[in-house]
Amino acid sequence: MKFLLSHRKLVMMIFCLTVPWCASAQSASRVAHVFVALADNQHQGIVPVPAKLGDGDAPASNLYWGAAFGVKSYFRASSDWQLLSSGPGPKPAILERCVFEHRGDAFYLVADAYRGSQIREAVNDFLSAASGRDPQRFVVGNYSHPVELPINGGADLVVYVGHDAFMDFQIEPISGLKGTKPRTAIILACASKQYFAPYLKHTGADPLLWTTGLMAPEAYTLKAALDGWIANEDAEQIRQRAAAAYDKYQHCGLRAAQRLFTTGW
């Protein structure tokens, strides 16, 4: 068990839904599960970044996780989100798992940092989740108020962040399961619509946000998209939010950012 002291000095407990008392845990309203493939100069076909940012075995300094605009650091610094837990992942490929709670709504974000050399496993797990496969429950909270977080194929929204792996290799498509709840996906990677579309079609998930060209998959875009999703905005409003955030940090021009992001098929 992993213990974390909250701002109210409460001891928090994070563990899988295998202990008996968890049967009475409260279900979270909505959950996004984010699959982050850490940037890796050695094992990915990326434009090389400084060694510290491109070490796929070091999440604390990685471009897509521990750096200023990485998923963990950016959401931890946001006043809209509270970090509930941070610890080792459930398998060797996942170096760290973080759980965030939105401060204004009953919304949770589960983010997994995959070892850079295991990018194939990261995209495979993302597509499996998009297919509705391997639904799991992760419990966060204390003894009095445990909350079940549906993850993997049980999440409401699944997200991939990182290098576009399908520029480097291909995998077997994963077909969606019939009878599962509707699934929505965000893919923040270079030209993700072009490269991920054949795979996402098989899963049956709907693309809420993906890209048409080269991009930096940093966390401000993800946060902007989640802000819109939490507010129940439509896909076009979410696309516009993502474009505005991307232009704010990349200074590429709003029109260019609007062309970069797209929604639907």
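The coordinates are above.
(A) How the structure looks around the nonpolar core. Ranked by size, the top nonpolar core spans 41 residues in total, and within it Phe75, Leu226 and Phe261 carry the most contacts. Each residue touching Phe75, except ones within four places of it in the same chain, is listed here: Trp81, Phe100, Leu109, Ala219, Leu222, Lys223 and Leu226.

(B) The arrangement of the packing of helix H4 (residues 219-230) against helix H5 (residues 235-250) in detail. Two elements in contact, H4 and H5, have axes whose closest approach is 8 Å; the angle formed by their N-to-C orientations is 150 degrees. As far as their axial angle goes, H5 and H4 are roughly antiparallel. The hand of the H4/H5 crossing is right-handed. Contact residues: Tyr220, Thr221, Ala224, Ala225, Asp227, Gly228 and Trp229 in H4; Ile238, Arg241, Ala242, Ala245, Tyr246, Tyr249 and Gln250 in H5. For the contact of H4 with H5, the class distribution of residues is 9 nonpolar, 3 polar and 2 charged.

(C) Broad picture of the pattern of salt bridges. Scanning the entire structure with this criterion turns up 11 salt bridges. Here Glu148 and Arg137 are joined by a salt bridge, their closest N and O atoms 3.4 Å apart. Of this pair, Glu148 sits in strand E9 (residues 147-152) while Arg137 sits in strand E8 (residues 135-141), and the two are 11 residues apart along the sequence. By relative accessible area, Glu148 is classed as buried at 9%. Overall, Arg137 belongs to the partly exposed group, its relative accessible area being 36%. Across the pair Arg241 and Glu233 runs a salt bridge, and its minimum N-O distance is 2.7 Å. Exposure remark for Arg241: the relative accessible area of 32% places this residue in the partly exposed category. Taking the relative accessible area as the measure of exposure, Glu233 reaches 22% and is therefore partly exposed. Each of the salt bridges in this network shares a partner with another, and the network as a whole consists of Asp80, Lys223 and Asp227.

(D) How the structure looks around unusual backbone geometry. Of note in this structure, Asn152 is not a glycine but carries a positive phi near 55 degrees. Tracing the sequence through the fold places Asn152 in strand E9. Positive phi, close to 55 degrees, is recorded for His251, a residue that is not glycine.

(E) How the structure looks around the packing of aromatic side chains. Taken as a whole and assessed by the stated rule, the structure comprises 22 aromatic pairs. A centroid spacing of 6.3 Å and a plane angle of 35 degrees characterise the contact between Phe35 and Tyr114, whose relative ring orientation is tilted. Remark: Tyr114 occurs in strand E7 (residues 107-114) and Phe35 occurs in strand E4 (residues 30-37); sequence separation between them is 79 residues. With relative accessibility at 0%, the residue Phe35 sits in the buried group. Looking at Tyr114, the relative accessible area reads 1%, which means it is buried. Relative to Tyr249, the ring of Phe69 has its centre 5.2 Å away and its plane inclined at 70 degrees; by these criteria the two rings are edge-to-face. With a gap of 180 residues between them, Phe69 in the loop between E4 and helix H1 (71-77) and Tyr249 in helix H5 connect regions that are remote in the sequence. The class for Tyr249 is partly exposed, based on a relative accessible area of 29%.

(F) Up close: the environment of Arg241. Along the chain, Arg241 turns up in helix H5. Along the sequence, Arg241 and Leu222 sit 19 residues apart, while their C-alpha atoms lie 9.8 Å from each other. When sequence neighbours within four positions are dropped, the list of residues in contact with Arg241 reads Ala224, Asp227, Gly228 and Glu233.

(G) Summary view of the sheet that holds strand E5 (residues 81-87). Strand order in the open sheet made by the 8 strands is E5-E6-E7-E4-E10-E11-E12-E13, with mixed pairing throughout. A single partner strand is all that each edge strand has here, and the edge strands are E5 and strand E13 (261-262). Note that strand E11 (residues 184-188) and strand E12 (residues 206-211) share 3 bridges and pair parallel. Along E12, the bridge assignment pairs Ala185 with Pro207. Sheet strands in contact with helix H3 (residues 192-203) are strand E10 (157-161), E11, E12 and E13, and its direction is about 155 degrees off that of E12.

(H) How the structure looks around the environment of Trp81. Counting through the fold element by element, Trp81 comes out in strand E5. What makes Trp81 buried here is its relative accessible area of 1%. The spatial distance from the C-alpha of Trp81 to the C-alpha of Phe100 is 6.2 Å, given a sequence separation of 19 residues. Not counting residues within four places of it along the chain, the set of residues in contact with Trp81 comprises Phe75, Phe100, Glu101, His102, Arg103, Phe107, Tyr108, Leu109, Lys223, Leu226 and Ile230.

Parameters and conventions
Residues numbered from 1 in each chain as written. Predicted model: local features only at pLDDT ≥ 70, side-chain atom pairs only at ≥ 80, totals over all residues. Heavy atoms only, no water. Core = buried A, V, L, I, M, F, W, Y, C linked by side-chain atoms within 4.5 Å. Buried < 20%, exposed > 50% of the residue type's maximum accessible area, 1.4 Å probe, protein only. Contact = heavy atoms within 4.5 Å. Axes fitted to C-alpha atoms, helices over the stretch in contact; angles between N-to-C directions. Helix = DSSP H or I, 4+ residues; strand = E, 2+ residues; numbered from the N terminus. Parallel < 35°, antiparallel > 145°, perpendicular 65-115°, else oblique. Left-handed = near helix turned anticlockwise from the far one by under 90°. Nonpolar A, V, L, I, M, F, W, Y, C, P; charged D, E, K, R; others polar. Salt bridge = Lys/Arg side-chain N within 4 Å of Asp/Glu carboxyl O. Phe/Tyr/Trp six-rings, centres within 6.5 Å; stacked < 30°, edge-to-face > 60°. Pairing = 2+ DSSP bridges.

By themselves, these are just geometric observations and shouldn't be taken as functional.
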